[in-house]
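# Structural description and commentary
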Amino acid sequence: MYVRSCFQSPCLQWVWRTAFLKHTQRRHQGSHQWTRLGGSTYRAVIFDMGGVLIPSPGRVAAEWEVQNRIPSGTILKALMEGGENGPWMRFMRAEITAEGFLREFGRLCSEMSKTSVPVDSFFSLLTSERVAKQFPVMTEAITQIRAKGLQTAVLSNNFYLPNQKSFLPLDRKQFDVIVESCVEGICKPDPRIYKLCLERLGLQPSESIFLDDLGPNLKAAARLGIHTIKVNDPETALKELEALLGFTLRVGVPNTRPVKKMMEIPKDSLEKYLKDLLGIQTTGPLELLQFDHGQSNPTYYIRLANRDLVLRKKPPGTLLPSAHAIEREFRIMKALANAGVPVPNVLDLCEDSSVIGTPFYVMEYCPGLIYKDPSLPGLEPSHRRAIYTAMNTVLCKIHSVDPQAVGLEDYGKQGDYILRQVRTWVKQYRASETSTIPAMERLIEWLPLHLPCQQRTTVVHGDFRLDNLVFHPEKPEVLAVLDWELSTLGDPLADVACSCLAHYLPSSFPVLRGFNDCDLTQLGIPAAEEYFRMYCLQMGLPPTENWNFYMAFSFFRVAAVLQGVYKQSLTGQASSTCAEQTGKLTEFVSNLAWDFAVKEGFRVFKEMPFKNPLTRSCHTWARPQSQWCPTGTRSYSSVPEASPAHTSRGGLVISPASLSPPVRELYHRLKHFMEQCVYPAEPELQSHQASAARWSPSPLIEDLKEKAKAEGLWNLFLPLEADPEKKYGAGLTNVEYAHLSELMGMSLYAPEVCNCSAPDTGNMELLVRYGTEAQKARWLIPLLEGKVRSCFAMTEPQVASSDATNIEASIREEDSFYVINGHKWWITGILDPRCQLCVFMGKTDPHAPRHRQQSVLLVPMDTPGIKIQPLTVYGLEDAPGGHGEVRFEHLRVPKENMVLGPGRGFEIAQGRLGPGRIHHCMRLIGFSERALALMKAHVKSRVAFGKPLVEQGTVLADIVQSRVEIEQARLLVAAHLMDLAGNKAAALDIAMIKMVAPSMASRVIDRAIQAFGAAGLSSDYPLAQFFTWARALRFADGPDEVHRATMAMLELKHRI
Ligand SMILES: Cc1cc2nc3c(=O)[nH]c(=O)nc-3n(C[C@H](O)[C@H](O)[C@H](O)COP(=O)(O)OP(=O)(O)OC[C@H]3O[C@@H](n4cnc5c(N)ncnc54)[C@H](O)[C@@H]3O)c2cc1C
């Protein structure tokens, strides 16, 4: 079977085949009907270089950033920084050397991305022979232009390399004039450089056409009267150029070349065979060309007596019996043609190796259009939509074929297609594995456990993508579906998912070009969900709920293939220089696959039935507690066993046993996860926090985050009332979350691992409640994905900030910006390199009524003017997030970053600090439970004065006192949480628990420390840190006195 042989030399993987071979059926030149506009006569074509003749720095940068894990867009942003006087433009004008440029540019990139950026490696890639190569279509076009007697020129913003030569990876002979900014000391869009070029060409502006990929450069040319063409995609631009010039710029059959010596086939016997086959009498030369990159099954274009044909053959040499099964391709195309599916018309399968040396088949060449770029540049939105609709329709046609009726019932196995595929690709992946890729490991575990229950079996194409379809040149109709090499009988939804791969890949992604960086609504392309819906509607099926599973599966398959390519590149077997680069993308694609697995996990969880979303029913059913027991007397991982108080409570809301079955299941899953993954990781996480690398996030935390996502233990915090459609979070009620939060509180690290840690939780809730769609897209989504972190800046050293109306930082309006000035401190998390958002509170109008003076602005952390000094809490740095004293000096923030509007800050802060703040209390109960558990374990084994400590009356009294205090606090939490009348109505309960929980926790932890002796203060146990945070929370969560004042006010108001 193909799969087994996939990576066998000389078979080049389907990645390559699909990327390149697909052009085997490209439209024959001349079949377009070009019109000449205006009848004007052009005498020269002027080309920009980067982005027109060779790949643009932007596109190279995007690819390089993915590979080097640099935040996307950093390079481009840094290139544009400073405009005319920025380092890039000065480099282009040769005002600085390559070394000087790289130094300045590197610093800029690192400042912008808050990480070290190896710009040297980007520069080497940009100028490497591999990347800096002229597009073959451009070479072809230039030849045609010159053959018609027109002049050609290059007008480029260019630079000098360190060897003092200008960077010009072009054959100079192709051009009559070459104008480079570094030679002239002038850059586009300065009009002087265009005039210089025209002068050297000896032409008037109207006699030339200028191609560039940048709008400002084109505008400047157009202002002088030069005709311009914007180049987004070289091929589309050439079509526009053809229309202006009135002649074709293509030669021969696209994507073909003379047959290589090694790939030659005997022409005479082929000609004889074809004449017999086609019944041709006339003689004439047989024209034979080879399609590029057809290395898996070499493919040839044949022209004989006015017939255009395609021949596809097995490669020469010894092959695995099931490999290169061209017979299957022939068989399925023939069968499907009879069922009305558009496929190339196959003429004959010749299994007689004596004709050309190997078996082959012949089909008719199908002229038409193949869209290589799935974003369909140059088309109208309605046209794009029609193309994707036609693609969907043809897929439905394939899946509607009755295999039995067309003789394909034995074309593949029936049922379990996905499971078989997963096994096959796992095997394939393992065979080519070079290092452990965490996302692949998780997928390998996850996929077989989440197989769709219902799988239909139909004919499947196996690689159904836009660039495998030949379209009618004038209307959105599929003329032929190509490339049936992976076809079999299987689950048709895998094909639907495969046709949506491009939706999730960036346009710069090598091999499989995508469009996830484009606005689909603007393009007119249906989103993936809509595409799936369209398919179900056409097929008369209920909507596909689990399409995220199919996307995860499809990307997993792509990742496995990419890994094979990479392995081959390492062993030097790959037949393409691009192989190595492609293989390195395995990790990127496997992470994409994993994101879909996580989404699917949440979908399943959210769909579990609940009676009433806000007041889920309480059940008396209780499961036995976990059997997990701490080991060893100095175990850092001691966790509480069920207390008798706990187990006796049955269905009370304060007991986990009261939770509805799905949430109870979630609770146990979290408990298991804490035991299996979090507690064992604590010593390593703690030593990371004490190491020199502490200001960067621990890789182990990132790994645990992925595991938590996989388990659906992610973003549990967002209250159902803030997110009733469960669009962003797990949709738990406060009561439900209280139990989970208590569990997470048992480890200092678990909240971050589950993306439930402050201050992100409060900020995310703020964005869900008050953010615009654009603010949500920019900040909320990355925060929910755990990719970035955030901080909240309210407190100021110069004023008593427990009264938020005191704050003084100013937010002043200036043009289309707000200008911020202020001095803040105790800003938690601001030192974390992942921190990209500061939710800033300041005053927009000091003269407005007291509670209408404040506003909240979303400040990107890369805004110039932020100066940070770290603070410590009892000497602890709390790395990597830390707590910072921060000066905001003349920050300019776009107006659209204002939340809700000016004067709404106080209102927002109140909303933010409501439910978000009691999360601390829930976690403090977790701290206390863990401290008590550690204490109990310790006093049982520690002997003093002839008996275990546990037999001392004072120790027993301490244990009992701690239990009572924990339960009292828990009752208060529950009392608040049971109050489902909303945050406002529960204000008294919130104030009470905020006052009670930190001091209760301090006392319980203090008793535990005392029972441990001096060890309790050491870092061998989490007690000292628990104690520190419990104490700090008596400020961080608002001083106790302020809660007391709130309570007093409410008590006197309502209860007299
Ligand atoms: C570890 C930690 C993390 C923090 N993280 C953040 C953060 O991320 N972002 C942020 O903006 N801030 C943060 N803070 C700051 C925290 O919110 C403030 O410390 C808190 O609001 C108190 O303000 P203040 O320090 O200015 O004290 P002040 O307002 O100066 O109050 C000082 C003391 O006066 C007393 N007092 C105040 N009001 C009353 C009253 N009504 N009745 C009686 N006595 C009263 C209390 O004893 C109080 O402790 C953090 C603090 C800590 C310790």
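Residues numbered from 1 in each chain as written. Predicted model: local features only at pLDDT ≥ 70, side-chain atom pairs only at ≥ 80, totals over all residues. Heavy atoms only, no water.

## What to know about the overall build of the protein chain
- Of regular secondary structure, the protein chain possesses 36 helices and 24 strands.
- Across the 1056 residues that make up the protein chain, the buried fraction comes to 57%.
- If you take every contact in the protein chain between residues at least 6 apart in sequence, the share linking residues at least 24 apart comes to 72%.
- Summed over its atoms, the accessible surface of the protein chain is roughly 43,600 Å², and 54% of this surface lies on carbon and sulfur atoms. (Helix = DSSP H or I, 4+ residues; strand = E, 2+ residues; numbered from the N terminus. Buried < 20%, exposed > 50% of the residue type's maximum accessible area, 1.4 Å probe, protein only. Contact = heavy atoms within 4.5 Å. Areas by Shrake-Rupley, 256 points an atom, 1.4 Å probe, with all protein chains shown as cover.)

## Considering the sheet that holds strand β2 (residues 151-156)
- Overall, parallel pairing links the 5 strands, which are arranged β3-β2-β1-β4-β5 in an open sheet. The open sheet is flanked by β3 (177-180) and β5 (227-230), the only strands paired with a single partner. Taking each pair of neighbouring strands and ignoring which way they run, the sheet shows an average axis angle of 20 degrees.
- Here 4 bridges tie strand β4 (residues 208-212) to β5, and the two strands are oriented parallel to one another. Within the sheet, the bridge partner assigned to F210 lies in β5 and is T228. (Pairing = 2+ DSSP bridges. Axes fitted to C-alpha atoms, helices over the stretch in contact; angles between N-to-C directions.)

## Overview of helix α21 (residues 547-570)
- Over its 24 residues, α21 runs 35 Å from end to end, which matches the ideal 34 Å to within 8%, given 1.5 Å per residue.
- Burial of α21 is extensive: 22 of the 24 residues sit out of reach of the surface. (Expected span 1.5 Å × (residues − 1).)

## Looking at the state of the cysteines
- Considering all chains together, one arrives at 0 disulfides under this definition.
- Cysteine C396 is unpaired, with the sulfur of C536 as its nearest cysteine sulfur at 8.6 Å.
- C756 takes part in no disulfide bond, and the closest cysteine sulfur, belonging to C754, lies 5.6 Å away. (Disulfide = S-S within 2.5 Å.)

## Points about the packing of aromatic side chains
- All chains considered together, the criterion is met by 28 aromatic pairs.
- With centroids separated by 6.0 Å and ring planes inclined at 55 degrees, the aromatic side chains of W88 and F159 adopt a geometry described as tilted. Within this pair, whereas W88 is found in helix α5 (residues 87-92), its partner F159 is found in the loop between β2 and β3, the two being separated by 71 residues in sequence.
- A ring pair is formed by F532 and W547, whose centres lie 5.4 Å apart and whose planes are at 35 degrees; its orientation type is tilted. With F532 in helix α20 (residues 528-539) and W547 in helix α21, this residue pair connects regions lying 15 residues apart in the sequence. For the pair shown, F532 and W547 are each scored as buried.
- Through a chain of ring-to-ring contacts, the aromatic side chains of W88, F91, F101, F105, F123, F159 and F167 assemble into a single cluster.
- We note R328 situated over the ring of Y411; from NZ or CZ to the ring centre the distance is 3.9 Å. (Phe/Tyr/Trp six-rings, centres within 6.5 Å; stacked < 30°, edge-to-face > 60°. Lys NZ or Arg CZ within 6 Å of the ring centre and 35° of its normal.)

## Examining unusual backbone geometry
- A cis amide bond links A758 with the next residue in sequence, P759, at an omega value of 0 degrees.
- Of note, the amide linkage connecting A879 to P880 takes the cis form, showing an omega dihedral of 0 degrees.
- Note on placement: P880 falls in the loop between β21 (866-871) and β22 (883-894).
- Phi at R69 takes a positive value of approximately 55 degrees, unusual for a residue other than glycine.
- Tracing the chain through its elements places R69 in the loop between α3 (57-68) and α4 (74-80).
- In this structure, L900 takes a positive phi of about 60 degrees despite not being glycine.
- One can find L900 in the loop between β22 and α31 (905-912).
- Accessibility expressed as a relative area gives 36% for L900, which makes it partly exposed.

## Quick notes on the sheet that holds strand β8 (residues 299-304)
- One open sheet accounts for 6 strands, arranged β6-β7-β8-β9-β11-β10; its pairing is antiparallel. Pairing within the sheet leaves two strands with one partner each, and these edge strands are β6 (256-258) and β10 (346-350). Neighbouring strand axes in the sheet, compared pairwise and without regard to direction, differ in orientation by 30 degrees on average.
- Taken together, the 4 bridges between β10 and strand β11 (residues 360-364) define a ladder with antiparallel strand orientation. Within the sheet, the bridge partner assigned to L349 lies in β11 and is Y361.

## Focus on the pattern of salt bridges
- Taken as a whole and assessed by the stated rule, the structure comprises 61 salt bridges.
- Between E877 and R694 there is a salt bridge; the shortest N-O distance is 2.5 Å. Highlighted residues: E877 in the loop between β21 and β22 and R694 in the loop between α25 (661-689) and α26 (699-710), separated in sequence by 183 residues.
- By sharing partners, the salt bridges in this structure join E702, K705, E752, D760, R789, D832 and R834 into a single network. (Salt bridge = Lys/Arg side-chain N within 4 Å of Asp/Glu carboxyl O.)

## A short note on the site of the ligand
- Inspection of the region around the ligand gives 18 residues, with F792, T795, S802, W826 and T828 positioned closest.
- Within the backbone of S801, one N or O atom sits 3.0 Å away from an oxygen atom of the ligand.
- Note that an oxygen atom of the ligand is positioned 2.5 Å from one of the side-chain N or O atoms of S802.
- Protein burial of the ligand: of its 980 Å² of free accessible surface, 70% is covered by the chains.
- Those elements giving two or more residues to the shell around the ligand turn out to be β16 (789-793), β18 (817-828), α35 (1023-1036) and α36 (1040-1054).
- Looking at the shell around the ligand residue by residue, the class counts come to 12 nonpolar, 5 polar and 1 charged. (Near = heavy atom within 4 Å. Polar contact = N/O pair within 3.5 Å; in protein donor to acceptor, adjacent residues only side chain to side chain. Nonpolar A, V, L, I, M, F, W, Y, C, P; charged D, E, K, R; others polar.)

## A word on the side chain of N217
- Residue position: N217 is located in helix α11 (residues 215-224).
- A residue is classified by how much of its surface remains accessible, and N217, at 5% relative accessible area, is buried.
- Sequence-distant contacts of N217, that is, excluding residues within four places in its chain, are made with K188, P189, Y194, F210 and D212.

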